[in-house]
Amino acid sequence: MRFDVITLFPEMFGALTESGVSRRALQKQLYSLNTWNPREFTHDRHKTVDDRPYGGGPGMVMMYQPLKDSVDAIRQAQTTKPHVIYLSPQGQPLTQEKVAQLAQLDSITLLCGRYEGIDERLLQTEVDEEICIGDFVVSGGELPAMMLMDSLIRLLPGALGHDQSAEQDSFSDGLLDCPHYTRPEEVNGMRVPEVLLQGNHAKIDAWRHQQKLLRTEQRRPDLLARYQDGE
Ligand SMILES: Nc1nonc1C(=O)NCc1ccc(Cl)cc1
């Protein structure tokens, strides 16, 4: 998987490349990451990437030209046609199902906005889809982009060791995850459920599935409805 990211803060993406599953996957060359700073595609002394909004109002808007030139440079840098995604609260809500679909692509370009927004003409002409990671607002598209990238990277073959498989993830089967326990068997007077200690794997699997259903019904009945409809 090739990732290209358009961002004013490329150093933020060290959070992915410096630790954990995403660091190891990069070392194993399961994906590549190139960041592109629109400031390097400006031609004025002040490297201007934003300007005041037409129609007035607070804040600034990211200008079309530096972003367009960034996208053009990314298209020029590869033979594959990248799938261009803009992260914003105006996008389609991200689901694990969508992540699984995107994980099949060869090249994804992520456009990270800052300020109040991006000139709409760039979105209309260069962006294939807008994705929202939750109904809340953060200060820029970088953290949402890293969350999307992390959810994709962990699904790449070889990213998770054989002992952690993405198939058993919460949401991978549309249900919430079951409770987990590890040593010691008793801590502060609290014991591990006996079924998990007896080594009967059919019973353990049944208990875990029942816990997933119970937890989903209690915490996210909306997901249960979709699960039962076999969606
Ligand atoms: N929620 C979300 N899901 O995806 N992105 C978000 C989000 O809050 N982005 C902040 C943001 C996005 C674009 C611009 Cl120009 C400024 C700030």
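Every value quoted in this text rests on a predicted model; they were computed, and no experiment measured them.

In terms of regular secondary structure, the protein is built from eight helices and 10 strands. The 231 residues of the protein split such that 39% are buried. Looking at the protein alone, contacts between residues at least 24 apart form 74% of all its contacts between residues at least 6 apart. Each charge class in the protein can be summarised by its mean position, and for the 24 positive and 34 negative side chains these summaries are 4 Å apart.

Here we take up the UniProt feature "binding site: S-adenosyl-L-methionine" (unreviewed entry) in the protein. Here the UniProt-annotated "binding site: S-adenosyl-L-methionine" (unreviewed entry) positions come out as Gly113, Ile133, Gly134, Asp135, Phe136, Val137 and Val138. Of note, Gly113 is situated in the loop between strand S6 (107-111) and strand S7 (117-118). The class for Gly113 is buried, based on a relative accessible area of 10%. Residue contacts for Gly113: discarding those within four places in its chain leaves Met62, Tyr86, Ile118, Gly140, Gly141 and Glu142. Within the secondary structure, Val137 is located in the loop between strand S8 (129-132) and helix H6 (142-153).

This part takes up the domain arrangement of the protein. Split by domain assignment, the protein resolves into domain 1 (2-155) and domain 2 (170-225). Here the C-alpha centroids of domain 1 and domain 2 sit 37 Å apart.

We now examine the state of the cysteines. All chains considered together, the criterion is met by zero disulfides. No disulfide involves Cys132; its nearest neighbouring cysteine sulfur is the one of Cys112, lying 14 Å away.

Scanning all chains against the criterion turns up 12 salt bridges. The shortest N-O distance in the salt bridge between Asp4 and Arg2 comes to 2.7 Å. As far as burial versus exposure is concerned, Asp4 and Arg2 are alike and both buried. The partner of Lys98 in a salt bridge is Glu129, and the shortest N-O contact between them spans 2.9 Å. With Lys98 in helix H4 (residues 96-102) and Glu129 in strand S8, this pair connects stretches of sequence that are 31 residues apart. Residue Lys98 is classed as partly exposed on the basis of its relative accessible area, which comes to 22%. With a relative accessible area of 16%, Glu129 lands in the buried category. By sharing partners, the salt bridges in this structure join Lys68, Asp72, Arg75 and Glu126 into a single network.

As a further point, take the nonpolar core. The biggest cluster of nonpolar side chains holds 25 residues, and the ones touching the most others in it are Phe3, Phe13, Leu110 and Met149. At the level of elements, strand S1 (2-6), strand S5 (83-93), H4, S6 and H6 are the ones that each hand at least two residues to this core. Setting aside chain neighbours within four positions, we find Leu110 in contact with Phe3, Asp4, Val5, Ile6, Ile85, Leu87, Ala145, Leu148 and Met149. Formed by 17 residues, the second largest nonpolar core is a distinct cluster that contains Leu8, Val49, Met62 and Leu123.

Here we take up unusual backbone geometry. Cis geometry is found at the peptide bond from Arg183 to Pro184, where omega equals 5 degrees. Residue placement: Pro184 occurs in the loop between H6 and strand S9 (186-187). Phi angles above zero are rare outside glycine, and Lys47 is one such case at about 50 degrees. You can see Lys47 is positioned in the loop between strand S2 (32-36) and strand S3 (50-51). For Lys47, a relative accessible area of 43% corresponds to the partly exposed category.

So, about the site of the ligand. Around the ligand, a shell composed of 18 residues is seen, among which Arg114, Ile133, Gly134, Phe136 and Val138 lie nearest. Here a nitrogen atom of the ligand sits 3.3 Å away from a polar atom, N or O, in the main chain of Ser88. Secondary-structure elements contributing two or more residues to the shell around the ligand are S5 and S8. With four residues, S5 is the single largest residue contributor to the shell around the ligand. When the residues that make up the shell around the ligand are grouped by side-chain class, the tally is 11 nonpolar, six polar and one charged.

What counts and how
Residues numbered from 1 in each chain as written. Predicted model: local features only at pLDDT ≥ 70, side-chain atom pairs only at ≥ 80, totals over all residues. Heavy atoms only, no water. Helix = DSSP H or I, 4+ residues; strand = E, 2+ residues; numbered from the N terminus. Buried < 20%, exposed > 50% of the residue type's maximum accessible area, 1.4 Å probe, protein only. Contact = heavy atoms within 4.5 Å. Lys, Arg positive; Asp, Glu negative; His and termini not counted. Charge placed at Lys NZ, Arg CZ, Asp CG, Glu CD. UniProt positions renumbered as here; feature names shortened; annotations may be inferred. Domains from an automatic or database assignment. Disulfide = S-S within 2.5 Å. Salt bridge = Lys/Arg side-chain N within 4 Å of Asp/Glu carboxyl O. Core = buried A, V, L, I, M, F, W, Y, C linked by side-chain atoms within 4.5 Å. Near = heavy atom within 4 Å. Polar contact = N/O pair within 3.5 Å; in protein donor to acceptor, adjacent residues only side chain to side chain. Nonpolar A, V, L, I, M, F, W, Y, C, P; charged D, E, K, R; others polar.

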